[in-house]
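Take a look at the letters that make up each chain.
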Amino acid sequence: MMTLQLVSDQRDLLEEIATFLLKNRLIANAMISETQFLELDEDNPDQSQVMTHSKYILKGISKSLLFHAINKELRASYAHNMPLVYSEPIILIDPDQTERIITRLRQV
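Residues numbered from 1 in each chain as written. Predicted model: local features only at pLDDT ≥ 70, side-chain atom pairs only at ≥ 80, totals over all residues. Heavy atoms only, no water.

What to know about the sheet that holds strand E4 (residues 84-89)
Pairing within the open sheet is antiparallel, and its 4 strands lie in the order E2-E3-E1-E4. In this open sheet, the two edge strands, each paired with only one partner strand, are strand E2 (31-40) and E4. Each strand of the sheet is rotated relative to its neighbour by a mean of 35 degrees, with strand direction disregarded. Two strands pair when backbone bridges link them, and strand E1 (residues 2-8) and E4 are joined in this way by 6 bridges, in the antiparallel orientation. Within the sheet, the bridge partner assigned to valine 7 lies in E4 and is leucine 84. Sitting on the sheet, helix H1 (residues 11-23) touches E1, E2 and strand E3 (50-62), and the angle it makes with E3 is about 15 degrees. (Pairing = 2+ DSSP bridges. Helix = DSSP H or I, 4+ residues; strand = E, 2+ residues; numbered from the N terminus. Axes fitted to C-alpha atoms, helices over the stretch in contact; angles between N-to-C directions. Contact = heavy atoms within 4.5 Å.)

This is the structure we're talking about:
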């Protein structure tokens, strides 16, 4: 199991992607939140100026084996505006929760 995470400047894009992923049983649930994102200023990398931006994060639980299928689907549908996509492993989860989550996901 994994937590799929997508980062974008556009909340509406993440809402559209969440709907797509849920309808295609690629994630079991979705949560979108706003956060502060820090990175070095790309225009002045030598000065190491840290910039702060508001960004949105979509998180959803899925099977690790679905990551490549999810990434491929997103690249095909959102290549023009692809968000940052990555996952984090879920090490432990309640067994009853696991069963409910698995029933909402596509079989691999």
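Considering the packing of H1 against helix H2 (residues 67-78)
Interhelical geometry of H1 versus H2 gives an angle of 130 degrees and a closest axis separation of 12 Å. It follows that H1 is oblique to H2 by the angle criterion. With respect to the hand of their crossing, H1 and H2 are arranged in right-handed fashion. Listed contacts from H2 to Leu13, Glu16, Ile17, Phe20 and Leu21 of H1 are Ile70, Glu73, Leu74 and Tyr78. Classifying every residue of the contact of H1 with H2 by side-chain character gives 7 nonpolar, no polar and 2 charged. (Parallel < 35°, antiparallel > 145°, perpendicular 65-115°, else oblique. Left-handed = near helix turned anticlockwise from the far one by under 90°. Nonpolar A, V, L, I, M, F, W, Y, C, P; charged D, E, K, R; others polar.)

What to know about the packing of aromatic side chains
Counted under the stated rule, the structure contains 0 aromatic pairs. The ring of phenylalanine 37 carries the charged tip of lysine 55 above its face, separated from the ring centre by 4.8 Å. (Phe/Tyr/Trp six-rings, centres within 6.5 Å; stacked < 30°, edge-to-face > 60°. Lys NZ or Arg CZ within 6 Å of the ring centre and 35° of its normal.)

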